[in-house]
Amino acid sequence: MSSADNRRIVREGRRNGGGKEKGFFQKVHSPPSPLNDSLEGEIQAFLIDEDQLHTYDDLTKVNPVTPSTVLKCLQARYSVKVFYTHAGCTLVALNPFQPIPDLYTLDVMKEYHGAPQPQEFKPHIFIVAEEAYRNVQGQLEPVNQSLVVSGESGAGKTWTSRCLMKYYATVAASSSVVKSQDTVERIERRVLDSNPIMEAFGNACTLRNNNSSRFGKYIQLQLDRCQLLVGASVQTYLLEKSRVACQLANERNFHIFYQMMKMATDEQRKEWKMPPGQCFVWLPNSEKTVEEDCFHETVEAMVHLGINTERQRQIFRILAGILQLGNVNFYSSTDESQPCNLDEQSKDFSQRAAELLCVPAEELQMCLRVRMLKAGKQSVLKPCSQAECSMRRDCLAKVIYAQLFDWLVTFINNSICADKSTWCNFIGVLDVYGFECFQINNLEQLCINYANEKLQQHFVSHYLRAQQEEYVSEGLEWSFVKYQDNQSCLDLLEGSPVSVFSLLNEESRLNRVSDAKTLRVRLEKELCDNANISWDKFSKEPHFTVAHYAGKVHYQIQGMVEKNKDPVPPELSSLLQKSDNPLLHQIFTDKETENPTTKGLSKVTVVSKFKNSLESLMKILHTTTPHYTRCIKPNPDCKPLTFKKEEVIMQLEACGIVETIHISAAGFPIRIPFQSFMQRYGLIAKHPMFKSGSVDAQAGGSDVLRRAVEKLLSVVLQHKAFDPSHNLDGQKPNSWVHCGRTKVFLTQLMLDLLEDQRKKILSQCAFTIQCCWLKHRRRRHHARHQSATLIQAVVRAWLVRRCVQRRNRAAAVIQNTWRKWRALLKSLAEAELDDAEDLAEEDLPVLNPVIRERGSVQLSSIQKPVTVRGWPMGLALASAPSITMSLTATGFQKMVSVMASLHLPSQRGAYTVKPNQFSQELASIRAQPKGSVKLHYQRSPLLYADRQPDMKSDVTGFNAILLEKTL
Ligand SMILES: Nc1ncnc2c1ncn2[C@@H]1O[C@H](COP(=O)(O)OP(=O)(O)OP(=O)(O)O)[C@@H](O)[C@H]1O
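Residues numbered from 1 in each chain as written. Predicted model: local features only at pLDDT ≥ 70, side-chain atom pairs only at ≥ 80, totals over all residues. Heavy atoms only, no water.

### Re the overall build of the protein chain
When its secondary structure is counted, the protein chain shows 30 helices and 20 strands. Sorting the 967 residues of the protein chain into buried and exposed places 50% on the buried side. For the protein chain, restricting intrachain contacts to residue pairs at least 6 apart in sequence, the fraction spanning at least 24 positions comes to 72%. Just so you have it, the protein chain exposes about 48100 Å², and 54% of that area is on carbon and sulfur atoms. (Helix = DSSP H or I, 4+ residues; strand = E, 2+ residues; numbered from the N terminus. Buried < 20%, exposed > 50% of the residue type's maximum accessible area, 1.4 Å probe, protein only. Contact = heavy atoms within 4.5 Å. Areas by Shrake-Rupley, 256 points an atom, 1.4 Å probe, with all protein chains shown as cover.)

In structure tokens, the structure reads:
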């Protein structure tokens, strides 16, 4: 199962973590928020400026403190390559998964160390380190410090611990002027050299981290009166020794084996009976090379720590012996009374193993295949089954490795630990495994998660203290109710008289083959009262589920008791005590003499041992000032600068940051400076509904502001208390808000209430504005309408006037022209008359020759106005040749002109109009034959220009040609 799947289980577990009390303060029931999405967005924008999220050095500054805002803030910072962020009393360290230049240099260390106020610098692991260091210098109780580094595998705990150690090795030594430089360097060097050895023996390449620590450690850096590093000691917890004999697919054994196999010289190979090309069953994926496969570095560190060449030889021979053991296979014998068989190869491997472990080969084979049963004072030998033989082989390898690791830690301690008289204070660095939840969880996960519960409890109590201190510094009158922490879960695991551990230990101590089902029944019977344990009734596998603070974990019961017993067959330990390898001999003899009551190394169970060591660790932690660093792995693939939200939120949950946020949410998660508060909610005070009188929020001075805020809050709360529509569920609204010295501390409920009031007032204002606006719009519309009408009337009048004026002018022109024209025609007609000869040539109007040529006249030349009748004029126009007279009409115009001049009724078919065949000029108009009268114009019709046709007589009655042009 992938780690992603595992984490998914954690998340599911957390979601379903029903029954678990999360609130540590007075429990507050949040009603469904009445605020809609857009308003929430607005509030969010008011409380926090998203564009500035990356500038928030402390997660508690994000407003409101919710998992999503915290996540956004971390993501924003990660995207601008800022990897450290404070979260109250905790430092969150995001793993960049790539070396960041200039982040951990000597200069940076000196900068933080020399700064008068390092807290004002950008968040960094060196701030935590420096803070702890200054606490020691300040000698404020508790003087001793603990730096707790936690996080999931690959999150960067080991890296961070190394950084801390390097920091102290630098700053604590750099201030050394009195002591011999040599001594200090040697101590620093030794302390730092303990890392490569411990990592070679205790780290391995896993699916989640190429350099995964398979043990927990607490390193105490010992400081003298001058705060100089004079020594260190290491305490380790729960080495994953099962890895020696069993590795998951795609994982590797401990680094040291690969270092030996890859880097050994020919001589060493010969000595370790490790010919080139030999494969080892217990060294899978040896083709995979990791940075940590550096044998020389390990050997060099051993030399620095004082492990001499002979000791090194002994160590490597033991390790080589373990590898040879892994290649030994057993085959069932046909005869059950006979021990299992070994094939030739296995015999060879067991022979080599025996030689390397310096034990008799025969005896080794015997111990692996035959069990000694004690019946009273008598001992009976019983051959083991094939599976039992393999188990004994694995057990031998595991116990040797675990004891060798312990010996190494002791040796390191002896090498770097200063005499008690030389140091007075310490700074402890705790690098523990994070919360674990796999598909199959067994005793190891139970212990790891138990340790995390313990640390969480410590963290919560410390965090609460820190938070309360902040409230005190703000002068809050707070009253926390007694909070419930994860004590009930711890009671379930380690409590007395009955707990999971006690039942497990009881079962382990019974001299019988353990039965998972029986244990399950016992657990259910004895612990059913605890809400933190449950059972899946449909699961076939015996199991139990624990609701941890970070989520629910299902533990498999099968094999748990055996693991807890961690039995080492006495034959094997006595064999190892007989070893000629001085180191092996010493390890197992010392162990025996250390605790003679537990002969056979099997009486103290794993759980008891772990619980005891954890308890002593907790005692130390309780007497120190803790500093928490939560390492976060931003993506499961260890890709540089890749931030996966789901991964991060799960880790924040699992490492307790979200839990802390929940705690904070149960207190006063929203903190708003007075000024901003009045800017947003000041309008409530001004509203008549609240009758609070005038609250001058703008008036300067924090006292004035504070009073204004208090007044506003009191009226809001008073209003709420008197409002029967508000169901307070028996809660006192006064506890929803506190005024600090510079800020208002609000619960989510109070914020909702304020927002509610603000919304109401705003909607009332909006309604008033709408009404005014509508009224104003109606008035404006009316005024505009009237104006438009007026403008239209004026324009129309103007247009009419203009038209009339134009027409008048035109009429005047026409009249004028007409008069002139008539005068001209008259004169022309007169000239045409028979008696025209009488007229003297000089009496004729003088015509412009051009006009004359064109057949037109210059009207102005006419001296005397002549009366000209209209109708002959029409006839004249009609009969005028269009070639010569430009003013004459043509076609239809002619006809109309004639008809108009003759005042002919315009009935269709009453006349026949004939044009000239050639010139298309009007030739005749004939009335439909009705009579016999024919009217001939012998002369120009213009002769009759001064006559008016008799309008009363019906012209058609003449049945005659009304007009005929004589050609
Ligand atoms: N601050 C950092 N800068 C650069 N790389 C880092 C940093 N922290 C961690 N890493 C990288 O992440 C890898 C995993 O970190 P580390 O081994 O410290 O994880 P861990 O939490 O100790 O894991 P485990 O619990 O498995 O031991 C390191 O090998 C290193 O490459």
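Back to the text.
### With respect to the site of the ligand
As a structural note, the neighbourhood of the ligand is formed by 17 residues, with Ser 153, Lys 157, Thr 158, Ser 212 and Ser 213 the closest of them. The backbone of Ala 155 places a nitrogen or oxygen atom 3.2 Å from an oxygen atom of the ligand. Contact between the ligand and Thr 158: an oxygen atom at 2.5 Å from a side-chain N or O atom of the residue. Relative to its free-state accessible area of 630 Å², the ligand is covered by the protein chains to the extent of 87%. Those elements that provide at least two residues to the shell around the ligand are α6 (157–174) and β5 (212–213). Top element by residues in the shell around the ligand is α6. It accounts for 3 residues. Looking at the shell around the ligand, its residues break down into 5 nonpolar, 10 polar and 2 charged. (Near = heavy atom within 4 Å. Polar contact = N/O pair within 3.5 Å; in protein donor to acceptor, adjacent residues only side chain to side chain. Nonpolar A, V, L, I, M, F, W, Y, C, P; charged D, E, K, R; others polar.)

### Concerning a positive patch on the surface
A surface patch of positive charge is lined by Lys 775, Arg 777, Arg 778, Arg 779, Arg 780 and Arg 784. Tracing the sequence through the fold places Arg 778 in helix α27 (residues 748–832). For Arg 778, a relative accessible area of 60% corresponds to the exposed category. (Patch = residues over 30% accessible without salt bridge, like charges linked within 9 Å, V, L, I, M, F, W, Y side chains within 5 Å. Salt bridge = Lys/Arg side-chain N within 4 Å of Asp/Glu carboxyl O. Lys, Arg positive; Asp, Glu negative; His and termini not counted. Charge placed at Lys NZ, Arg CZ, Asp CG, Glu CD.)

### Some details on the packing of aromatic side chains
On inspection of all chains with the given rule, the structure shows 24 aromatic pairs. Consider the rings of Phe 254 and Tyr 401, whose centres lie 4.9 Å apart with planes at 15 degrees: the pair is stacked. Note that Phe 254 is positioned in the loop between β7 (229–237) and α8 (255–263) and Tyr 401 in helix α14 (residues 386–416), a separation of 147 residues in sequence. Consider the rings of Trp 407 and Phe 411, whose centres lie 5.3 Å apart with planes at 35 degrees: the pair is tilted. Here Trp 407 and its partner Phe 411 are both found in helix α14, 4 residues apart, which amounts to about one turn of the helix. Phe 411 carries the same exposure label as Trp 407, and that label is buried. Note that Arg 252 overlies the ring of Tyr 258, its terminal NZ or CZ placed 3.8 Å from the centroid. Against the face of Trp 423 rests Lys 420, its NZ or CZ located 3.8 Å from the ring centre. (Phe/Tyr/Trp six-rings, centres within 6.5 Å; stacked < 30°, edge-to-face > 60°. Lys NZ or Arg CZ within 6 Å of the ring centre and 35° of its normal.)

### Some remarks on the UniProt feature "binding site: ATP" (unreviewed entry) in the protein chain
The positions UniProt marks with the feature "binding site: ATP" (unreviewed entry) are Gly 151, Glu 152, Ser 153, Gly 154, Ala 155, Gly 156, Lys 157 and Thr 158. Relative to the helices and strands, Ala 155 is located in the loop between β3 (145–150) and α6. For Ala 155, a relative accessible area of 3% puts it in the buried group. Here Ala 155 is in contact with Asn 95, Cys 631, Ile 632 and Lys 633, once residues within four sequence places are set aside. If near-sequence neighbours (up to four positions away) are discounted, Lys 157 is found in contact with Val 149, Ser 150, Gly 151, Glu 152, Asp 431, Val 432, Tyr 433, Gly 434 and Cys 631. Engagement of the side chain of Lys 157 in a polar contact is seen with the backbone oxygen of Gly 151, the distance being 2.9 Å. (UniProt positions renumbered as here; feature names shortened; annotations may be inferred.)

### A look at the pattern of salt bridges
Tallied over the full model, the rule gives 33 salt bridges. In this structure, Lys 578 engages Glu 363 in a salt bridge whose closest nitrogen and oxygen atoms are separated by 2.5 Å. Taken together, the residues Lys 578 in the loop between α20 (570–577) and α21 (582–594) and Glu 363 in helix α13 (residues 361–369) connect sequence positions 215 residues apart. On the basis of relative accessible area, Lys 578 is assigned to the partly exposed category, the value being 48%. Exposure remark for Glu 363: the relative accessible area of 27% places this residue in the partly exposed category. A salt bridge links Glu 526 to Arg 522, with the nearest nitrogen and oxygen atoms 3.8 Å apart. Of the two residues, Glu 526 and Arg 522 are both situated in helix α18 (residues 516–527); the distance of 4 residues between them amounts to about one turn of the helix.

### Quick word on the packing of helix α12 (residues 344–357) against α13
Interaxial distance between α12 and α13 falls to 8 Å at its minimum, and their mutual angle equals 115 degrees. Between α12 and α13, the interaxial angle falls into the category roughly perpendicular. Pair α12 / α13 crosses with right-handed handedness. Every residue of α13 that contacts α12 at Lys 347, Ser 350, Gln 351, Ala 353 and Ala 354 is listed here: Ala 361, Leu 364 and Gln 365. Among the residues making up the contact of α12 with α13, the classes are represented as 4 nonpolar, 3 polar and 1 charged. (Axes fitted to C-alpha atoms, helices over the stretch in contact; angles between N-to-C directions. Parallel < 35°, antiparallel > 145°, perpendicular 65-115°, else oblique. Left-handed = near helix turned anticlockwise from the far one by under 90°.)

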